Amino acid sequence: MLKINNVSYSVKGKSILKNIDLEFKNGFVYSIVGPNGAGKTTLLKSLIKLIEPDFGDIFIANKSLKTIKQREIVKYVAFLGQEHLSKQPLNVLDVIVMGMLSDITSTPSTKHYEKAIKIIKMLGLEYLANKDFDKLSGGEKKLILIARAVAQNPPILILDEPTNHLDFKNKHHILRFITDFTKSNNMICIMTIHELEFAFYYSDFIILMKDGKIVAFKDKHSIFKEYDISNLYDLNITIKVIDDFICIKPK
Amino acid sequence: MNKKLFFMGFLLTAIIFFSVFIGPVKIPLDFWLLKNKSYYETIVYDVRLPRIILSCVVGGSMSLAGVVYQSVFRNPLASPDILGTAFGCAFGAAVGILLSGNLILIQLFSLISGILSTFAVFYIARKDGHIDILSLVISGIIVGSFFSSLLGLAKYFADPDNKLPAITFWLMGSFSDVGYKDVAIGLVCLIPICVIYYKRWFLNVANLEDEEAIAIGFDIHRFRILMIGLSTLLVSISISLVGIIGWVGLVVPHMARLVVGYDNKYVVVASLIIGALFVLLCDDIARSLTTGEIPIGIVTSFISAPLFGFLYKMNYAKNK
């Protein structure tokens, strides 16, 4: 369980997060949706101490994040940021092994590589095993980085725009994979995402964020009925919920 | 991969052996069987052997520092002088030469000045307890230019008949006066080399963006300072002992990558061996090509620049 308790954060007097209160339960996928600059990425970063909030606290399994060392956080949370600029032509397995970093003192041993192979097989990515990471396509890179996050073996998975730069098929492929993995391992998955229809289709709960505040936090079926998305984007939008998918039409 | 490294190690051993026989005095291959062997023994054990050992240590150290800088700065063009360490050392040596001709004093001044310049770089680059790459590069340029101007000043005030040539020659580097005392100091390099070797895999992780590295539990800021500190020590010790040997730290890591690929697990080892081999060969050339000694800095730059061009083309062809 992950709990964000009254968290605020500001940079140079400009407040980025304003009194955020959220609670996440195991076995569910959460999507954070909102316009650019709403503070979504900052919120995610606060969960792995890449930033430290000015006020409030975050609890992972009833432990305050303030008492967990930066090095230890990776055992609780795996974080996948937006940009990955590894220019080294490293082998895919070498990239996955980096997920076990806190377990390595000098160089990774065969034990670590065996675990990496196990993970890559479990994810059905063996066809990528002997390739160089920098020669993969954008979608394949994302999959390998998710494999690296899996290698950390954490109960919480945090993804900052896992779908950006990906084509339609890869978006579905990755989100399907993440949701299945979260459910079968009873994890928590929190991601930011810009495509409302994907957020609706793949997650259980949707969090609407604007100007550093949580505007709404509900299960996906009630959120679009009870909240008018037009206010979120300052744009006239009509949304129609049809069974388990939605149609969006800007006016 | 291990086969390649083993072969390179073998090659290095062979060339170390043959280097004993290279130089202005011809040494017969069976010198230890001769009657008047003490003459040859003096040359082999007291003149050539310390030179060979030190050129291997310095070559390995400079190359390893190059690997570290290129990984930590995520820039294939980074070299041991990116932080201005070379100018720091050079200025210290120039002051030493101006004050006295004592070799030990010159080395000491050079070492201290080199380390001081790195501290200055760290001090300027530090923001909120963190040091990021860009500020390191900028403060490296600042400190480097400052020491370079101080060096110019020292040269301007130097006596043109006596001290100025000494400074100029020192700047071009040489192994010609090397003895076992220098070897003993040079062997201090083994400590940073061992630490970097032990942590070599983490150089791959240091290549990630800061946030990504931290997100997988890597204390990149501490690692960066540790690695740069150790490499600076390697560079300062090397330069203070034998003067400025250009290009080695830049070119050798590229040669190593061409042979073993990009995984620093292997690049570190390959660079140590190739660096030792390269400087050893350059020193063989420096002492045997003409009757006098050619400064080694000239030999390394003369060979490295075209070699780098060749490697660049090769690498392009390989990745096409």
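For the structure given in this document, a descriptive report is provided here. (Residues numbered from 1 in each chain as written. Chains lettered and ligands numbered in written order. Predicted model: local features only at pLDDT ≥ 70, side-chain atom pairs only at ≥ 80, totals over all residues.)

### Brief notes about the overall build of chain B
For step 1, the next point in the chain: Looking only at helices and strands, one finds 14 helices and zero strands in chain B.
For step 2, the next point in the chain: Mapped in sequence order, the helices and strands of chain B form the string α-α-α-α-α-α-α-α-α-α-α-α-α-α.
For step 3, the next point in the chain: Relative to its length of 320 residues, chain B is compact, with a C-alpha radius of gyration of 20 Å against a globular reference of 20 Å.
For step 4, the next point in the chain: Along the three orthogonal principal directions, the C-alpha set of chain B runs to about 70 × 55 × 35 Å.
For step 5, the next point in the chain: Sorting the 320 residues of chain B into buried and exposed places 48% on the buried side.
For step 6, the next point in the chain: For chain B, long-range pairs separated by at least 24 residues make up 75% of all intrachain contacts whose partners lie at least 6 apart in sequence. (Helix = DSSP H or I, 4+ residues; strand = E, 2+ residues; numbered from the N terminus. Rg over C-alpha atoms; globule rule 2.2 N^0.38 Å. Buried ≥ 20, exposed ≤ 12 C-beta atoms within 10 Å, placed from the backbone. Contact = placed C-beta atoms within 7 Å.)

### So, the sheet that holds strand β2 (residues 14-24) of chain A
All names here are of chain A.
For step 1, the next point in the chain: Spatially, four strands are ordered β2-β1-β4-β5 in an open sheet, and the strand pairing comes out antiparallel. Looking at the sheet topology across the chains shown, the edges are occupied by β2 and β5 (63-64).
For step 2, the next point in the chain: When strand β1 (residues 2-11) meets β2, the two strands line up antiparallel, connected through seven bridges. From the neighbouring strand, Leu2 faces β2, where its bridge partner is Phe24.
For step 3, the next point in the chain: Packing against the sheet, helix α1 (residues 40-47) makes contact with β1, β2 and β4 (55-60), and its axis sits at approximately 60 degrees to β2. (Pairing = 2+ DSSP bridges. Axes fitted to C-alpha atoms, helices over the stretch in contact; angles between N-to-C directions.)

### Quick look at the interface of chain B and chain A
For step 1, the next point in the chain: Across the contact, 20 residues belong to chain B and 23 residues belong to chain A.
For step 2, the next point in the chain: For the side of chain B that touches chain A, the secondary-structure elements that each account for two or more residues are α9 (202-206) and α10 (210-215) of chain B.
For step 3, the next point in the chain: For the side of chain B that touches chain A, the leading source of residues is α10(B), giving four residues.
For step 4, the next point in the chain: Taken together, the residues of the side of chain B that touches chain A break down into nine nonpolar, three polar and eight charged. (Nonpolar A, V, L, I, M, F, W, Y, C, P; charged D, E, K, R; others polar.)

### Structural notes on the nonpolar core
For step 1, the next point in the chain: Counting 164 residues, the largest nonpolar core has A:Ile96 and A:Ile158 as its most contacted members.
For step 2, the next point in the chain: In terms of residues, this core owes the most to one element, helix α13 (residues 264-288) of chain B, which gives 14 residues.
For step 3, the next point in the chain: Every residue in contact with A:Ile96, bar those within four places of it in the chain, is listed here: A:Ala116, A:Ile119, A:Ile120, A:Ile144, A:Ala147, A:Arg148 and A:Ala151. (Core = buried A, V, L, I, M, F, W, Y, C linked by C-beta atoms within 7 Å.)

### Observations regarding the environment of B:Val242
Residue and element names in this part refer to chain B.
For step 1, the next point in the chain: Tracing the backbone shows Val242 in helix α11 (residues 220-242).
For step 2, the next point in the chain: We classify Val242 as buried; it has 28 C-beta atoms within 10 Å.
For step 3, the next point in the chain: On a C-alpha basis, the gap between Val242 and Gln107 in space is 8.7 Å, while along the polypeptide they are 135 residues apart.

### Points about the sheet that holds strand β9 (residues 205-210) of chain A
One key point about sheets: their strands pair by backbone hydrogen bonds, in either a parallel or an antiparallel sense.
Residues and elements named next belong to chain A.
For step 1, the next point in the chain: Spatially, the six strands line up as an open sheet ordered β6-β7-β8-β3-β9-β10, and their pairing is mixed. Every interior strand has two partners, whereas the edge strands, β6 (77-80) and β10 (213-219), have only one. Averaged over all neighbouring strand pairs, the angle between strand axes comes to 15 degrees, with direction disregarded.
For step 2, the next point in the chain: Note: β9 against β10, six bridges, orientation antiparallel. The partner of Ile206 across the bridge, within β10, is Lys218.

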